[in-house]
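Remarks on the overall topology
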Amino acid sequence: MTLIRTNRRTLSLISAAALLIAFLATPALKAEPSPLPSFGGGGLIAGQQEASIGEQVMTSIRRSAPQVQDPLVYDYLYNVIYRLVPSAPLDNRDLQLVLIDSPALNAFAVPGGVVGVNGGLFLNAATEQQFASVLAHELAHLSQRHFARRMEQQETSTPLTLAGMIAGIVLSAVTQSDIGIAAIAGTQAMAIQNMLSYSRAHEQEADRVGLEILANAGLDPRGMPEMFEIMMRQNRLQGNRMPEYLSTHPLTQSRVSDTQNRAEQYPSKTVQDSQEYHLMRSRLQVHYASSPASAVEIFESYLNRDDTQKNDAIRYGLAVAYKEDNQLDKAEKILLELLSTHSGRITFQVSLAEVYTEQKRYDDARQILQTALSRNPRNYPITWALAGLEIADGNGSAAASYLKELTRQRPSGDQIWLRLAEAEGMARNIVGVHRARAEYDALRGDYRSAQRQLRQAQEKLPAGSAERQVVSERLSEIASRIQQADRS
């Protein structure tokens, strides 16, 4: 796991991006769900338009916003989201998940099924129930088509205009410039202010729907008011520096009380956190520590805690810290101890294999991961770790095989395509390099570069071959995207 650092200005601007994205998804307050409004003669925002907004936002995020590139954490986030999704009244359940690399407490939802959280949500939510409550709240925003309701009130705006505003602020967050901010200045600023002015009342509907989602998913609705209490406590302790989440989700004591009362109406039950939540929380605590040595010191100080489940997470966090601090023998010892009592835990298997890879014990790492993959076919973290192992061991072809499997599972994973290009280069498959790089460029919105890559691949393939036909078809698709971009 790479430790990524971000400065204060970048973090604050990322939060500004999340602010705009979140209130574009702000709901309207209703006592009970009601039919969504229609626009004069045009009906609701079409699903295709919402999908276009989501795609443009994802393109901007991929190009500009720092993300946590950790398959174990992403896989956990994916699993908890899709534990909630069956209980959410969503028209579109094909979501795109984003894990922004910021320790600030924040989350957002975007039309087109984009749901994002900051890594800092793991740091601030002490329990899985609290963590899940924030995700349920964002799913509630999406399920109620809040963006469509907001567009009803902003008839002069269009989905593409709003997507451009979102893209502008995301761009500013990472380039540390005012270019993106300038792109949304002027008349659009009033539209944004009008949207934001409704937000206090609108949040209550998302609270109500979110509580229902939690309860129906078998989680504890009381996690939501508990999370609100954490936010309010932070607000009091930090004075004017409120948690970033509250800048887009205003919180009052009456709202907290209302949510507590609603949560108490659900049957009382004890819901145990999954161990995996606390393991991922430890992983991100190491990630956001000021240094690996500091992370080691912090986790060593935690070791005397009594809670067995959390104690395992603390020992695991210490192992991850040791690995980052290059104390590989100590990391190995702890991970072997954890595996002795949790032999099938994928997180421990992958982490031990990562240690062995760092030690250049490639055969040991390969044995662990291949055995784990045979028991968990198509598992994302295991397959990613195997690809990394084969790259480290100089086996580009084997790495490319694993990464191609991942591109079939997650075709929108830009970093998978980038690593595939690296593996194909190592294997001296130049056509494979161009094709993988083209998909990476396309996901980041650089269609002309993708076109160049595909043309180079096409030139190297024999006429009439099946692969050349596939490349030619993809070239036509990219050309169409370029024409669309030129017309907009």
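Residues numbered from 1 in each chain as written. Predicted model: local features only at pLDDT ≥ 70, side-chain atom pairs only at ≥ 80, totals over all residues. Heavy atoms only, no water.

Some words on the pattern of salt bridges
- In total, this model carries 29 salt bridges according to the counting rule given.
- Across the pair Arg361 and Asp364 runs a salt bridge whose closest N-O atoms are separated by 3.0 Å.
- Residue Arg361 is classed as partly exposed on the basis of its relative accessible area of 29%.
- For Arg437, the salt bridge identified is with Asp441, shortest N-O distance 3.3 Å. In this pair, Arg437 and Asp441 are both assigned in helix H23 (residues 430-443), four residues apart and thus about one turn of the helix distant. (Salt bridge = Lys/Arg side-chain N within 4 Å of Asp/Glu carboxyl O. Buried < 20%, exposed > 50% of the residue type's maximum accessible area, 1.4 Å probe, protein only. Helix = DSSP H or I, 4+ residues; strand = E, 2+ residues; numbered from the N terminus.)

A closer look at the packing of helix H19 (residues 362-375) against helix H20 (residues 380-392)
- At a minimum axis separation of 10 Å, H19 and H20 run at an interaxial angle of 155°. Taken as axis vectors, H19 and H20 run roughly antiparallel relative to one another. Judged by the sense of rotation from one axis to the other, the crossing of H19 with H20 is left-handed. Contact residues: Tyr362, Ala365, Arg366, Leu369, Gln370, Ala372 and Leu373 in H19; Ile382, Thr383, Ala385, Leu386, Leu389, Glu390 and Ala392 in H20.
- Classifying every residue of the contact of H19 with H20 by side-chain character gives ten nonpolar, two polar and two charged. (Axes fitted to C-alpha atoms, helices over the stretch in contact; angles between N-to-C directions. Parallel < 35°, antiparallel > 145°, perpendicular 65-115°, else oblique. Left-handed = near helix turned anticlockwise from the far one by under 90°. Contact = heavy atoms within 4.5 Å. Nonpolar A, V, L, I, M, F, W, Y, C, P; charged D, E, K, R; others polar.)

Section: the confidence of the model for the protein
- Here the protein shows a mean pLDDT of 82. Residues at 70 or above account for 75%.
- Below a pLDDT of 50 lies the segment residues 1-44, which in the model reaches 119 contacts outside its immediate sequence neighbourhood of four places, other chains included.
- Scored below 50 in pLDDT, residues 169-187 shows 38 contacts in the model against residues more than four places distant or in partner chains. (pLDDT = per-residue confidence, 0-100.)

Section: the nonpolar core
- Counting residues in hydrophobic clusters, the biggest one holds 108 residues, and the most contacted among them are Leu77, Leu84, Phe122, Phe131, Leu139 and Met231.
- Those residues in contact with Leu77, other than ones at most four positions away along the chain, are Leu97, Val98, Leu99, Val117, Phe131 and Leu135.
- With twelve residues, the next largest nonpolar core counts Tyr447, Leu454, Ala457 and Ile478 among its residues. (Core = buried A, V, L, I, M, F, W, Y, C linked by side-chain atoms within 4.5 Å.)

Things to note about the packing of aromatic side chains
- Evaluation of the coordinates by the stated rule reveals eleven aromatic pairs.
- Ring geometry for Tyr76 against Tyr277: centres 5.9 Å apart, planes inclined by 50°, an arrangement best described as tilted. A residue pair is termed long-range when its members are at least 10 positions apart, and Tyr76 in helix H3 (residues 71-84) and Tyr277 in helix H14 (residues 275-287) qualify at 201 residues. Tyr277 matches Tyr76 in its accessibility class, with the two residues each being buried.
- Through pairs of rings, three or more aromatic residues link up here, namely Tyr76, Phe122, Phe131 and Tyr277.
- Lying across the ring of Tyr74, Arg410 places its NZ or CZ 4.2 Å from the centre. (Phe/Tyr/Trp six-rings, centres within 6.5 Å; stacked < 30°, edge-to-face > 60°. Lys NZ or Arg CZ within 6 Å of the ring centre and 35° of its normal.)

So, the sheet that holds strand E3 (residues 114-118)
- Spatially, three strands are ordered E1-E3-E2 in an open sheet, and the strand pairing comes out mixed. Only two strands of the sheet have a single neighbouring strand rather than two, namely strand E1 (96-100) and strand E2 (107-110). Neighbouring strand axes in the sheet, compared pairwise and without regard to direction, differ in orientation by 15° on average.
- Sheet topology places E2 next to E3; four bridges connect them, and they run antiparallel. Residue pairing across strands places Phe108 opposite Gly116, the latter belonging to E3.
- Against the sheet, H3 contacts E1 and E3, and its axis sits at roughly 135° relative to E1.
- The strands touched by helix H5 (residues 128-143) are E2 and E3; relative to E2, the strand with the most contacts, the crossing angle is about 20°. (Pairing = 2+ DSSP bridges.)

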